[in-house]
Amino acid sequence: MRHMAHLLSVATASPPFVFRQSDVAKAASTIFSDRYDDFERLSRVFETSGIVTRRAVRPMEWYAQPLGWPERTAAYIEGGEALFIEAASKALAAANLTAAEVDTVVTVTSTGVATPSLEARVATRMGFRSDVGRVPVFGLGCAGGVSGVSIAARLAAARPGTNVLLVVVELCTLSFRLDELTKANIVATALFGDGAAACVLRAGDGGLAAIEASGEHTWPDTLDIMGWSVDPQGFGVIFAQAIPPFARENVGPAVKGILARSGHKMSDVDRFICHPGGRKVVSALEGALGLTPGSLDHERDVLESYGNMSAPTVLFVLERVIQQGLPDCSVLNAMGPGFTSSCVVLRKAA
């Protein structure tokens with residue numbers, strides 16, 4: 001256990017603008033109803049999503065104007081830097097560390113492009129050392145929070161005693177499109193919010209939990225299930241097939257296989273901590289993982305208050321589970337583009 005990476009802290013951050021789902025639904029109706037014949041039928045998703053409020057890096061009226069890459073990128077960099085600093089600072093404080101004690105920074109994001117990447121842009125303000133290792137990771141989508149923990153844990157275990165800071169930043173609202181008259185765009189408009197989370201990991205004893213194992217399962221011929229399309233306007237969301245039925249049918253065997261490769265069984269798990277992609281996805285995961293309906297309560301609460309923030313969302317759930325009391329064995333799980341299921345096994349620290 002000594003050289004196994006341990007989770008020392010988890011923290012979250014949200015941008016300043018709070019959107020009520022009812023207000024977003026009204027704005028979407030104004031924007032789309034006269035131009036998209038199927039909008040009225042699809043608009044039910046605003047009521048059935050399980051979301052009451054979401055957070056965003058820009059006020060609602062900003063999204064109603066024509067936007068291209070320059071405007072979206074400027075908002076991504078400004079909003080992303082602010083959320084990075086807030087989440088990272090909270091996680092370091094909770095771990096009783098300063099930024100100067102960080103040896104490696106892993107930055108996970110899929111909702112904007114910045115070169116230099118976010119951790120370089122905030123390095124001076126954070127107080128990172130000049131020799132800090134930088135590992136920017138792009139393209140994991142909703143699985144990025146779980147896969148990010150796995151990556152950070154492996155880096156920590158490879159250099160025992162060093163401090164690894166994981167920061168996950170997603171500004172999903174920047175993908176809102178006025179020009180996309182599609183079901184996928186309406187669903188994305190009803191689901192997505194912005195947020196960030198951060199964790200500190202170090203190989204050794206103590207902390208909150210040991211990262212006991214991790215793994216992924218990527219289904220063949222599923223590249224078109226979820227992702228981004230890219231054009232002069234920005235990112236456009238791709239949802240090629242309904243994710244809840246796919247999850248209900250496929251996630252159970254995939255997770256069972258991931259756990260088996262590290263010597264674990266489904267019955268070993270006291271609590272699955274899942275990415276709440278939407279209300280139907282949460283229910284599908286309960287069925288797929290053999291859980292009692294309603295047991296993914298923190299997942300529903302996070303979805304209700306923050307919406308689907310992509311990668312950091314599962315870490316918002318983890319934060320709540322920790323506050324309530326982390327069970328002996330828990331498994332982080334999220335699905336993302338690939339199409340991939342990612343898992344991390346947490347063993348509560350003694």
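Starting from 1, residues in each chain are numbered consecutively following that chain's sequence as written. Since the coordinates come from a predicted model, pLDDT governs what is reported: local features require at least 70, and pairs of side-chain atoms require 80 or more to be given and counted, while whole-chain, interface and lining totals use all residues. As a convention, hydrogens and water are excluded, and side-chain values are obtained from all of the structure's heavy atoms.

- Looking up the chain in an unreviewed UniProt entry gives the name Type III polyketide synthase, with the organism given as Lichenifustis flavocetrariae.
- UniProt positions are given in the numbering used here, feature names are shortened, and annotations may be inferred rather than shown by experiment. Of the chain, the UniProt comment under Sequence similarities (unreviewed entry) reads exactly: "Belongs to the thiolase-like superfamily. Chalcone/stilbene synthases family."

Focus on the sheet that holds strand 4 (residues 104–109)
- In spatial order, the strands read 5-4-6-7-1-8-13-12-11; together these nine strands make up an open sheet with mixed pairing. Every interior strand has two partners, whereas the edge strands, strand 5 (133–138) and strand 11 (271–274), have only one. On average, adjacent strands in this sheet sit at an angle of 25° to one another, irrespective of strand direction.
- The rule for pairing is simple: two strands pair if DSSP sees at least two bridges between them. Elements are defined by DSSP. Helices are runs of H or I of four residues or more, strands are runs of E of two residues or more, and each kind is numbered from the N terminus. With two bridges joining them, strand 1 (residues 5–13) and strand 8 (residues 209–218) adopt antiparallel strand pairing. Considered in strand 8, the bridge of His 6 is made with Ala 210. Here the axes come from fitting lines to C-alpha atoms, over the contacting stretch only for helices, and the angles between their N-to-C directions go from 0 to 180 degrees.

Focus on the environment of Gly 290
- Locating Gly 290 in the fold gives a position in the loop between helix 11 (279–288) and helix 12 (297–306).
- Distance from Gly 290 to Gly 144, taken between C-alpha atoms, is 24 Å for residues 146 residues apart in sequence.

Looking at the side chain of Ser 49
- Within the secondary structure, Ser 49 is located in the loop between helix 3 (45–48) and strand 3 (53–56).
- Throughout this description, buried means an accessible area under 20% of the type-specific maximum (1.4 Å probe, protein chains only), exposed means over 50%, and partly exposed covers the range between. Judged by its relative accessible area of 4%, Ser 49 falls in the buried class.
- Any pair of nitrogen or oxygen atoms within 3.5 Å is treated as a polar contact; in protein, a donor-acceptor pairing is required on top of that, and neighbouring residues in sequence qualify only through side-chain atoms on both sides. Within the structure, the side chain of Ser 49 is placed 3.1 Å from the side chain of Gln 21, a separation counted as a polar contact.
- Of note is the side chain of Ser 49, whose polar atom sits 3.3 Å from the backbone nitrogen of Ile 51.
- Not counting residues up to four positions away in its chain, the partners in contact with Ser 49 are Gln 21, Ala 190, Leu 191, Gly 278, Arg 279 and Leu 303. For this analysis, residues touch if any pair of their heavy atoms sits within 4.5 Å.

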